[in-house]
Amino acid sequence: MVAKAAAQHQPSHPTHCPAAAAAPMDTTTGPAPAPPVSRPAAPPGGIDAAGAEAAAVCDLRKEPKIPEPFVWPNADARPASADALDMPVVDVGVLRNGDAAGLRRAAAQVAAACATHGFFQVSGHGVDAALARAALDGASEFFRLPLAEKRRARRVPGTVSGYTSAHADRFASKLPWKETLSFGFHDRGDTPVVADYFASTLGQDFEPLGRVYQKYCEEMKELSLTIMELLELSLGVERGYYREFFADSSSIMRCNYYPPCPEPERTLGTGPHCDPTALTILLQDDVGGLEVLVDGDWRPVNPVPGAMVINIGDTFMALSNGRYKSCLHRAVVNRRQERRSLAFFLCPREDRVVRPPPSAATPRHYPDFTWADLMRFTQRHYRADTRTLDAFTRWLAPPADAAATAQQLEAAS
Ligand SMILES: C=C1C[C@]23C[C@H]1CC[C@H]2[C@]1(C)CCC[C@@](C)(C(=O)O)[C@H]1[C@@H]3C(=O)O
Ligand SMILES: O=C(O)CCC(=O)C(=O)O
Ligand SMILES: [Fe+2]
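Residues numbered from 1 in each chain as written. Chains lettered and ligands numbered in written order. Predicted model: local features only at pLDDT ≥ 70, side-chain atom pairs only at ≥ 80, totals over all residues.

**Comments concerning the UniProt feature "domain: Fe2OG dioxygenase" (unreviewed entry) in the chain**
Those places that UniProt annotates as "domain: Fe2OG dioxygenase" (unreviewed entry) correspond, in this numbering, to residues 248–348. Across residues 248–348 one finds 6% helix and 43% strand; the C-alpha atoms that close the span lie 7 Å apart. (UniProt positions renumbered as here; feature names shortened; annotations may be inferred. Helix = DSSP H or I, 4+ residues; strand = E, 2+ residues; numbered from the N terminus.)

Laid out in structure tokens, this is it:
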């Protein structure tokens, strides 16, 4: 069974979108975040990380009760308290068909959504329906494999790529009731990096699935760049600024698999968080489970057949200098049905400096940073939650008084 573990300290979650309260960058905020919260060594007689992972969600579906490490605080797991979020389904086809009125409508829909809860859905995206279905079904095919086969792709510590079960190799409490398979995507060279990842990690039998995800990621990138054009238009910033910023992007593809759960009200498939990345394109199946926190209420995002869910992440919130909001969301699970979702996380090239366009840059709300640094922060030092960007900002540049204290301690020693 998953090793018992000390609870991790996590800040409580504000009841509104934190960015909505974003003030100009304040370098005098409190002390740097808690030190890196990594998985404590398994207790004597406990099982090690690999054992914990093996005993995690894969083998637990048959249990009548969920193990303690999967139990989340009520504040995080409290039930949805309102109707589904009424979010626009924006027809992004208007960016290509010359419909000027349609374009103005789409820009207005996106502006209203992104300046509040940061979520909207898109139709007219041009992603082939058969490809989307193959990508979802391919996820089921992978997650149905025996654990030993899935573990051949297990996550390399300190990176985001690979297979994990409940993140039991990283965390010791508040384990998410999910399995995930993540891999990187970029098209800066001629190599089909996703197809190669599947063939090299899972073997020749998985070449067809690797080609499905290679094609899927290529289409996700193209859709991301189209959405960047719409975001430029809706923000009134220099045309091409965001599209060019992500032309050489490095992104993360994540397949989420949420098994049925015997006690869904006590755990979460994915805990409350803001995506640290720039933009997320989520293809979900028809089960439902994604919820967004809006004015203190968890609001379900109902699946719309053929549409894809888009949300702003921390990196784009910084690129818009806080005008568009990266907001708290989570995924709940249920007793009866498995659920699958495919999240394409658009990220800048690792070394690009994240900085808003000149027209939107004063006063600055966030410091310059690179995605490489923010990604490393989430993979090695801080479990992404609702305060990741604030914690990262403090981690990057501790407030002056903290630096002075460190010098005094240094001098006194
Ligand atoms: C950069 C990333 C870290 C996570 C995957 C991508 C974007 C979303 C992040 C995540 C899903 C936010 C909730 C917590 C998390 C640990 C998870 O539940 O998977 C996050 C991902 C991660 O750190 O692997
Ligand atoms: O599965 C979902 O609906 C949401 C998952 C999510 O928010 C994430 O993986 O970042
Ligand atoms: Fe997310």
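**Some points on the pairing of strand E7 (residues 279–284)**
Most of E7 sits inside the fold, with six of its six residues counted as buried. Side chains of E7 alternate between two faces, with Leu279, Ile281 and Leu283 and Thr280, Leu282 and Gln284 buried alike. With four bridges connecting them, E7 and strand E10 (residues 308–312) associate as antiparallel partners. Pairing of Leu282 across the sheet is with Val309, part of E10. Bridge count between E7 and strand E12 (residues 339–346): six bridges; the pairing is antiparallel. In the strand pairing of E12, Leu283 is matched with Leu342. (Buried ≥ 20, exposed ≤ 12 C-beta atoms within 10 Å, placed from the backbone. Pairing = 2+ DSSP bridges.)

**Observations concerning the sheet that holds strand E5 (residues 251–258)**
Read across the sheet, eight strands follow the order E1-E2-E10-E7-E12-E5-E4-E3 without closing on themselves; strand pairing throughout is mixed. Edge strands, defined here as strands with exactly one partner in the open sheet, are strand E1 (89–91) and strand E3 (162–165). Each neighbouring strand pair of the sheet contributes to a mean axis angle of 25 degrees, computed without reference to strand direction. The sheet strands contacting helix H8 (residues 207–235) are strand E4 (179–185), E5, E7, E10 and E12, and the helix crosses E7 at an angle near 130 degrees. (Axes fitted to C-alpha atoms, helices over the stretch in contact; angles between N-to-C directions. Contact = placed C-beta atoms within 7 Å.)

**Quick look at H8**
Between its first and last C-alpha atoms H8 spans 41 Å; for 29 residues at 1.5 Å apiece the expected length is 42 Å, and the two agree. Following H8 by one or two positions, Gly236 has its phi on the positive side, about 70 degrees. (Expected span 1.5 Å × (residues − 1).)

**Examining the pairing of E12**
Extensive coverage of E12 is indicated by the burial of eight of its eight residues. Where burial is concerned, the two faces of E12 agree: the one with Arg339, Ser341, Ala343 and Phe345 and the one with Arg340, Leu342, Phe344 and Leu346 are both buried. The pairing of E5 with E12 spans seven bridges and is classified as antiparallel. Bridge pairing links Tyr257 to Arg340 in E12.

**Some details on helix H5 (residues 129–143)**
Note: α-helices contain 3.6 residues per turn, so residues at a spacing of three or four share the same orientation. Taking 1.5 Å per residue, 15 residues should reach 21 Å; H5 reaches 22 Å between its end C-alpha atoms and fits that length. Tucked inside the fold, the buried residues of H5 contact E4, H8, E5, E7 and E12.

**Some remarks on the site of ligand 2**
With respect to spatial proximity, the complete set of residues near ligand 2 consists of Arg254, Asn256, Thr270, Asp275, Leu282, Gln284, Gly289, Leu290, His329, Ala331, Ser341 and Ala343. Where the shell around ligand 2 is concerned, the elements lending two or more residues are E5, E7, strand E11 (329–331) and E12. Looking at the shell around ligand 2, its residues break down into four nonpolar, six polar and two charged. (Near = placed C-beta within 6 Å. Nonpolar A, V, L, I, M, F, W, Y, C, P; charged D, E, K, R; others polar.)

**Regarding the sheet that holds strand E9 (residues 297–300)**
What the four strands build is an open sheet, ordered E6-E11-E8-E9; its pairing is antiparallel. With one partner strand each, in any of the chains shown, strand E6 (270–273) and E9 form the two edges of the open sheet. Neighbour-to-neighbour, the strand axes of this sheet turn through a mean angle of 25 degrees, independent of strand direction. In this sheet, E9 lies alongside strand E8 (residues 290–294) in antiparallel orientation, the contact comprising four bridges. Note on E9: the bridge partner recorded for Val294 is Asp297.

**Describing the site of ligand 1**
Near ligand 1 lie 16 residues; those nearest to it are Thr270, His273, Asp275, Thr378 and Ala384. Elements represented by at least two residues in the shell around ligand 1 include exactly E5, E6 and helix H11 (371–381). In terms of residue class, the shell around ligand 1 is built from seven nonpolar, six polar and three charged.

**A look at the environment of Gly269**
Turning to its location among the elements, Gly269 is positioned in the loop between E5 and E6. Residues Gly269 and Val193 lie 76 residues apart in sequence; the distance between their C-alpha atoms is 28 Å. Each residue touching Gly269, except ones within four places of it in the same chain, is listed here: Pro176, Trp177, Lys178, Tyr258, Gly289, Ala331, Val332 and Val333.

**Considering the nonpolar core**
The nonpolar side chains of soluble globular proteins are, as a tendency, buried together. Counting 102 residues, the largest nonpolar core has Val110, Tyr213 and Phe344 as its most contacted members. Considering every element that reaches this core, the biggest residue donor is H8, with 12 residues. Residues in contact with Tyr213, not counting those within four places in the same chain, are Ala135, Gly138, Val194, Phe198 and Met253. (Core = buried A, V, L, I, M, F, W, Y, C linked by C-beta atoms within 7 Å.)

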